[in-house]
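# Report on the structure
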Amino acid sequence: MKQIGVLTSGGDCPGLNACLRAVVRTALASGLKVLGIRHGYEGLMTGEVFPLDHSSVSGIINRGGTFLHTARSENFTTRKGMEQACAVLAEYKIEGLVILGGNGSLSGAWELAQKTRARILGIPKSIDNDVGGTDFSIGFDTAVNTAVEVIDKIRDTATSHDRLFLVETMGRKHGFLALATALAAGAEAVLLPETATEIAALCEKLDRGRRHGKVSSIVVVAEGDEQGGAMEIAKKLKRCSDYDIRVSIIGHQQRGGAPSAFDRILASQLGNAAVEALLQGKRSKVVGIQRGKIVLSPLATAFRSKRPLDPSLLRLSEILSR
Ligand code: F6P
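What counts, and where the lines are drawn
- Residues numbered from 1 in each chain as written.
- Predicted model: local features only at pLDDT ≥ 70, side-chain atom pairs only at ≥ 80, totals over all residues.
- Heavy atoms only, no water.
- Near = heavy atom within 4 Å.
- Polar contact = N/O pair within 3.5 Å; in protein donor to acceptor, adjacent residues only side chain to side chain.
- Areas by Shrake-Rupley, 256 points an atom, 1.4 Å probe, with all protein chains shown as cover.
- Nonpolar A, V, L, I, M, F, W, Y, C, P; charged D, E, K, R; others polar.
- Domains from an automatic or database assignment.
- Axes fitted to C-alpha atoms, helices over the stretch in contact; angles between N-to-C directions.
- Helix = DSSP H or I, 4+ residues; strand = E, 2+ residues; numbered from the N terminus.
- Left-handed = near helix turned anticlockwise from the far one by under 90°.
- Contact = heavy atoms within 4.5 Å.
- Pairing = 2+ DSSP bridges.
- Expected span 1.5 Å × (residues − 1).
- Buried < 20%, exposed > 50% of the residue type's maximum accessible area, 1.4 Å probe, protein only.
- Core = buried A, V, L, I, M, F, W, Y, C linked by side-chain atoms within 4.5 Å.
- Buried area = accessible area lost by both parts, 1.4 Å probe.
- Salt bridge = Lys/Arg side-chain N within 4 Å of Asp/Glu carboxyl O.

### Some thoughts on the site of the ligand
In the neighbourhood of the ligand, the contacting residues comprise Arg72, Ile127, Asp128, Met170, Gly171, Arg172, Glu223, His252 and Arg255. Arg72 places a polar side-chain atom, nitrogen or oxygen, 2.9 Å from an oxygen atom of the ligand. Between the ligand and the protein, one listed contact pairs an oxygen atom with a side-chain N or O atom of Arg172 at 3.4 Å. Burial of the ligand by the protein amounts to 74% of the accessible area it has alone, namely 400 Å². Residues that form the shell around the ligand fall into these classes: two nonpolar, two polar and five charged. When residues of the shell around the ligand are assigned to domains, at least three fall in each of domain 1 (3-139 + 259-304) and domain 2 (142-255).

Set out below in structure tokens:
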């Protein structure tokens, strides 16, 4: 193998640049040439391909976003889109392709792997932490820290004004981010897509807290809770609670900013491992970290396996917020 390509696909997150740096520098150290592909699969279909060298990735380990730019591509999964992508891979003699993506993008990577001779390696990144084959996706740790920092500030107002704040985190289908945030911020309750939300029981819990002397409360709501987002939950709570309620939606702040040290190290390990796997002749794999060890799994694991929430964390959050 002489030349590899690398791209970022789907929503951005902190740690992508650190990972790209690791991919490029590991490849160069092993004598490989590296091509960057801009705008994810969109750029792969249209040939937005350019060479990367050591200095292309200088000074980026601490930067959020992705210097390669990213996109969510509808066209890529069409037959024409796949054919175009395969043609660009052949035209630029890309023998191995490293794709940094969430479960949607890695599902696209798996389809591509069925159609191209190039070896495809996936690296999980998602603030939602919902990619299979890894305990941690790049970006999750930073997003949790961002959300906790926001809630620590909100708590000052909640306490000063004796209010209930509903704080919405991202996570349309999964509550990993909301649960970790709630635990670290010491929230009074957390509402998750994976667990049933009973408004009456939540009201009772908040009232009980007040009877025991709490003057304010924080409830973390994952945007995909089946009862609705924080705005919707606030409307429902107003019918049964006397609290002065406010809503705060954290939004895309969670996707930006400098990556945490944890994310920088994880991103560096996964980027390095992906290139080493390509050099060993591996193909159609997702590189993850499980119980502290770097693990290669079949690429389909990234999007086919359902990652459940950790029941011990759910229990802990329940006990500590009573
Ligand atoms: O998948 C990551 C994620 O940040 C989700 O948590 C969120 O629902 C979604 O992306 C938002 O996507 P966009 O930036 O395209 O609106």
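### With respect to the packing of helix H1 (residues 16-29) against helix H9 (residues 261-279)
Packing of H1 against H9 brings their axes to within 7 Å, and their N-to-C directions diverge by 35°. Crossing angle aside, the handedness with which H1 passes H9 is right-handed. Note on element contacts: H9 touches H1 through Arg264, Ala267, Ser268, Gly271, Asn272, Val275 and Glu276, opposite Ala18, Cys19, Ala22, Val23, Thr26 and Ala27.

### With respect to the sheet that holds strand S8 (residues 217-222)
The strand order across the open sheet formed by four strands is S7-S8-S6-S9, and the pairing between neighbours is parallel. Only two strands of the sheet have a single neighbouring strand rather than two, namely strand S7 (189-191) and strand S9 (244-249). Neighbour-to-neighbour, the strand axes of the sheet open up by a mean angle of 20°, direction not taken into account. When strand S6 (residues 163-169) meets S8, the two strands line up parallel, connected through six bridges. In the strand pairing of S8, Leu166 is matched with Val219. On the sheet, helix H5 (residues 140-161) packs against S6, S8 and S9 and is oriented at approximately 160° with respect to S6.

### Some points on the sheet that holds strand S5 (residues 119-124)
If you trace the seven strands from one edge of the open sheet to the other, you get S3-S2-S1-S4-S5-S10-S11, paired in mixed fashion. The open sheet has two edge strands with one neighbour each: strand S3 (49-52) and strand S11 (293-298). Neighbouring strand axes in the sheet, compared pairwise and without regard to direction, differ in orientation by 30° on average. When strand S10 (residues 285-290) meets S11, the two strands line up antiparallel, connected through six bridges. Residue pairing across strands places Gly288 opposite Val295, the latter belonging to S11. Here H9 sits on the sheet and contacts strand S1 (3-8), strand S4 (96-101), S5, S10 and S11; the angle it forms with S5, its principal contact strand, is near 165°.

### Section: H9
Here H9 contains 19 residues, and its C-alpha end-to-end distance of 27 Å stays within 8% of the 27 Å for a straight helix at 1.5 Å per residue. All of the buried residues in H9 are Asp263, Leu266, Ala267, Leu270, Gly271, Ala273, Ala274, Val275, Ala277 and Leu278. Two residues or fewer past H9, Gly281 is found with a positive phi of approximately 90°.

### Brief notes about the nonpolar core
If you look at the biggest cluster of nonpolar residues, it comprises 61 residues, and the most contacted ones within it are Val6, Ile123 and Ile218. If you tally residues by element for this core, the top one is H5, at nine residues. There are two domains that each give this core at least three residues, and those are domain 1 (3-139 + 259-304) and domain 2 (142-255). Each residue touching Ile123, except ones within four places of it in the same chain, is listed here: Cys19, Val23, Val98, Ile99, Leu100, Gly101, Leu106, Ile138, Leu270, Gly271, Ala274 and Val287. Leu35, Tyr41, Leu106 and Ala302 belong to the second-largest nonpolar core, a separate cluster that totals 26 residues.

### What about the domain arrangement of the protein chain?
Domain assignment breaks the protein chain into domain 1 (3-139 + 259-304) and domain 2 (142-255). Taking the mean C-alpha position of each, domain 1 and domain 2 sit 34 Å from one another. Across the contact, 13 residues belong to domain 1 and 10 residues belong to domain 2. Buried area between domain 1 and domain 2, summed over both chains or domains, comes out near 950 Å², and the portion from carbon and sulfur atoms is 49%. Inspection of the domain 1/domain 2 interface yields one salt bridge.

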